[in-house]
Amino acid sequence: MTPSLSDPSAHPPGIVRRIYGNLGWLLGGKAAAGLISLLYLLIAARLLGPKQYGVLVLVNYFAMLVGGVVAFPGWHAIVRFGAKATADNDHSKMIRLLRFAAAIELLGGVAAIIVAALIAPIIGPRLGWSAEAQSLALPYSFAVLATVRATPGGFLQLISRFDILGLHTLVTPLMRLIGTLLVWAFGWGLQGFLIAWLAAALTECVSLWIIGIIFARRHFGDHAILGAVADIRHENEGLLRFMATANADIMLGDLVSRMTPLIMGWILGPIAAGLYSVAHRTTIAIAQPAQILGQAAYAELARLASSGGGLAVRRALVKCIGIALLPAVPLLLIIAVFSNQIIILVAGPAYHAAATVMVLLAVARVIALTGPPTSAALIALGRPGLSVLVNFIAGVGLLPLLPLLTLYWGLSGAGYHAIIQACVASVLLFALLWRSAAKTEI
């Protein structure tokens, strides 16, 4: 059972331990997924070369961008509004919340597929997609479903099954690795990779919904999981507003990372997109602990904040960020010293031009480590609008700088833009969290 939080300021160490327990499961899955991803990257980058690999990247990022903008995930709302229902053992209320969130998310997913299918033939030629990539644009629109799985993910977080979430992170890289090996064996080329990536996206979506339903049936016993969707806004005050705000925060947070390779492809062509993607993926090891930390911390910070523990939230957050920085700095030094060797090892000599932007992206990722857990803390304190505001300023507000920096510095412009964005976002998020936590202290 979760310990009492009646005296929030007295329990931050316990909160931190639980957060890092959750983090351990997720990070273990991500570490294994990262190794598997490295294996298929080693093969795919060499088989396709920078240009065709860039096309693969552009097609996939396009689908993820549409899914991120149009789809409507609600896992924050499930954790926040479901925490009390779970504490009260009110299964009926919790099931109504899950049905409502699932219905909205699935409708958003259908809309995202339609939007992707309509605009892909227009955007594709301008991004340098090959004829075979354009021929798969319509079926690949279903890859947006990879982003439509927040409802079961939120439920698993709520019942503290971070072990299952950690294992689920292996689904996509394993499917991509299997697909890559088949493409390699049978010489299917770019079209084979697109089909493999689509299969991985669909499997990622469907598998988590199945897992969520299985665990929901175990958790709720005789209560029916599937059924009619009821309007539950009257019993969850501010639900839709919270869902919309939290969704905007997620969307804006991912916007720049998904837009950057598309802008690179638009301005510099698919080769630049391929080089950028290799550099970006190579530095993921720095950013992932902080991103997972934000996800792992949210449920615990929400419980802490619900009892008015603003000061305790602040203390727990500082400790979490401090620990997250420990492995990041040595990784940054390794990347800075051995950048050329790392790029050639990962993707081959054809990608050596990505070394400089890789170092710049690594610097930006270290600066941005405070972002995900601080955003989670703001949302837990009931201030998702502040996190949205910061992401809007640092993301959308600074996005016009990206094409300007790219035109002036080429591929390195994306790295300089990432550093500027990370500095602005980190400073604003931390300042707003500090003030908000002080105001909620009772």
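Numbering of residues starts from 1 in each chain and follows the order in which that chain's sequence is written. Residues qualify for local features only when their pLDDT is at least 70, as the model is predicted, and side-chain atom pairs are given and counted only at 80 or more; totals for whole chains, interfaces and linings, by contrast, use all residues. Excluded from the side-chain calculation are hydrogens and water; included are all heavy atoms of the structure.

Chemist: Just to check I follow, could you spell out the environment of Ile334 for this structure?
Modeler: As for its position among the elements, Ile334 is in helix H13 (residues 310-337). With a relative accessible area of 44%, Ile334 lands in the partly exposed category. Each helix corresponds to a stretch of at least 4 residues labelled H or I by DSSP, and each strand to a stretch of at least 2 residues labelled E; elements are numbered beginning at the N terminus. In this scheme, a residue with accessible area under 20% of its type's maximum is buried, one over 50% is exposed, and one in between is partly exposed, where area comes from a 1.4 Å probe on protein chains only.

Chemist: Where do I start with the packing of helix H2 (residues 75-87) against helix H10 (residues 239-268) in this structure?
Modeler: Angle between the axes and distance between the axes are the two parameters that describe a pair of packed helices. H10 packs onto H2 with a crossing angle of 135 degrees between their chain directions and a minimal axis gap of 8 Å. In terms of orientation, H2 and H10 fall into the oblique class. In this structure, the crossing between H2 and H10 has a hand that is right-handed. Of the residues in H10, those touching H2 at Trp75, His76, Ala77, Arg80 and Phe81 are Leu239, Phe242, Met243, Ala246 and Ile250. What counts as an axis is a line fitted to C-alpha atoms, over the stretch in contact for a helix, and the angles between N-to-C directions run from 0 to 180 degrees. By definition in this entry, angles of less than 35 degrees are roughly parallel, angles greater than 145 are roughly antiparallel, angles of 65 to 115 are roughly perpendicular, and the rest are oblique. It is the rotation of the near helix from the far one that decides the hand of a crossing: anticlockwise by less than a right angle makes it left-handed, clockwise makes it right-handed. Residue contacts are defined here by distance: any two heavy atoms, one from each residue, within 4.5 Å place the two residues in contact.

Chemist: Got a minute to help me understand the confidence of the model for the protein in this structure?
Modeler: If pLDDT is low for a region, its predicted coordinates should not be looked at in detail. Predictor confidence is given residue by residue as pLDDT, running from a minimum of 0 to a maximum of 100. Looking at the protein as a whole, its pLDDT mean stands at 83, while 86% of the residues score no less than 70. Mean pLDDT values for the elements of the protein range from 61 in helix H12 (residues 284-306) up to 96 in helix H8 (residues 171-186). Note that residues 1-13 has pLDDT below 50 and, in this model, 21 contacts with residues that lie over four places away or in other chains.

Chemist: Hey, could you run me through the pattern of salt bridges in this one?
Modeler: Opposite charge on two side chains makes pairing possible when the charged atoms of those side chains draw close. By definition here, a salt bridge exists when the distance from a side-chain nitrogen of Lys or Arg to a carboxyl oxygen of Asp or Glu is within 4 Å. For the structure on display, the rule yields three salt bridges. Note that Arg96 is salt-bridged to Glu235, the shortest N-O span being 3.1 Å. Placement of Arg96 in helix H3 (residues 91-126) and of Glu235 in the loop between helix H9 (189-220) and H10 is noted, with a sequence separation of 139 residues between them. Residue class for Glu235 comes out partly exposed when judged on its relative accessible area of 21%. For Arg149, the salt bridge identified is with Glu204, shortest N-O distance 2.8 Å. You can see Arg149 sitting in the loop between helix H5 (137-140) and helix H6 (150-158) and its partner Glu204 sitting in helix H9, a full 55 residues away along the chain. Among the residues examined, Arg149 registers a relative accessible area of 28% and is labelled partly exposed.

Chemist: What am I meant to see in the side chain of Thr151 here?
Modeler: Among the secondary structure elements, Thr151 is positioned in helix H6. Pairs of N or O atoms are called polar contacts if they sit within 3.5 Å, as long as, within protein, a hydrogen donor faces a hydrogen acceptor (for residues adjacent in sequence, only side-chain-to-side-chain pairs). Of note is the side chain of Thr151, whose polar atom sits 2.6 Å from the side chain of Glu105.

Chemist: Looking at this structure, how should I read unusual backbone geometry?
Modeler: The phi angle of most residues is negative, glycine excepted, and most peptide bonds adopt the trans form. With a phi angle near 60 degrees, Ser160 is a residue other than glycine that sits in the positive phi range. In this structure, Ser160 sits in the loop between H6 and helix H7 (162-168).

Chemist: What is the right way to look at the packing of helix H16 (residues 371-380) against helix H17 (residues 384-397) in this model?
Modeler: One can describe the packing of H16 onto H17 by two numbers: an axis separation of 7 Å at closest approach and a directional angle of 145 degrees. On H17, the residues touching Ser375, Leu378 and Ile379 of H16 are Pro384, Leu386, Ser387 and Asn391. Residue type decides the class: Asp, Glu, Lys and Arg count as charged, Ala, Val, Leu, Ile, Met, Phe, Trp, Tyr, Cys and Pro as nonpolar, and the leftover types, Gly among them, as polar. Its residues assigned to classes, the contact of H16 with H17 shows four nonpolar, three polar and no charged.

Chemist: What exactly am I supposed to notice about the packing of aromatic side chains here?
Modeler: When we look at a pair of aromatic rings, we describe it by the centre distance and by the angle of the planes. A pair of Phe, Tyr and Trp rings is counted when the ring centres sit within 6.5 Å of each other, with Trp represented by its six-membered ring. The angle between the planes then sorts it: under 30 degrees is stacked, over 60 is edge-to-face, the rest tilted. This model, assessed by the stated rule, comprises nine aromatic pairs. An angle of 85 degrees between the planes, with centres 4.8 Å apart, marks the rings of Tyr408 and Trp409 as edge-to-face. Taking relative accessible area as the criterion, Trp409 reaches 46% and is therefore assigned partly exposed. Cation over ring: Arg218 sits above Phe215, and NZ or CZ is 5.0 Å from the ring centre. Here, over-ring charges are defined by two tests on the NZ atom of lysine or the CZ atom of arginine: distance to the ring centre within 6 Å, and angle to the ring normal within 35 degrees.

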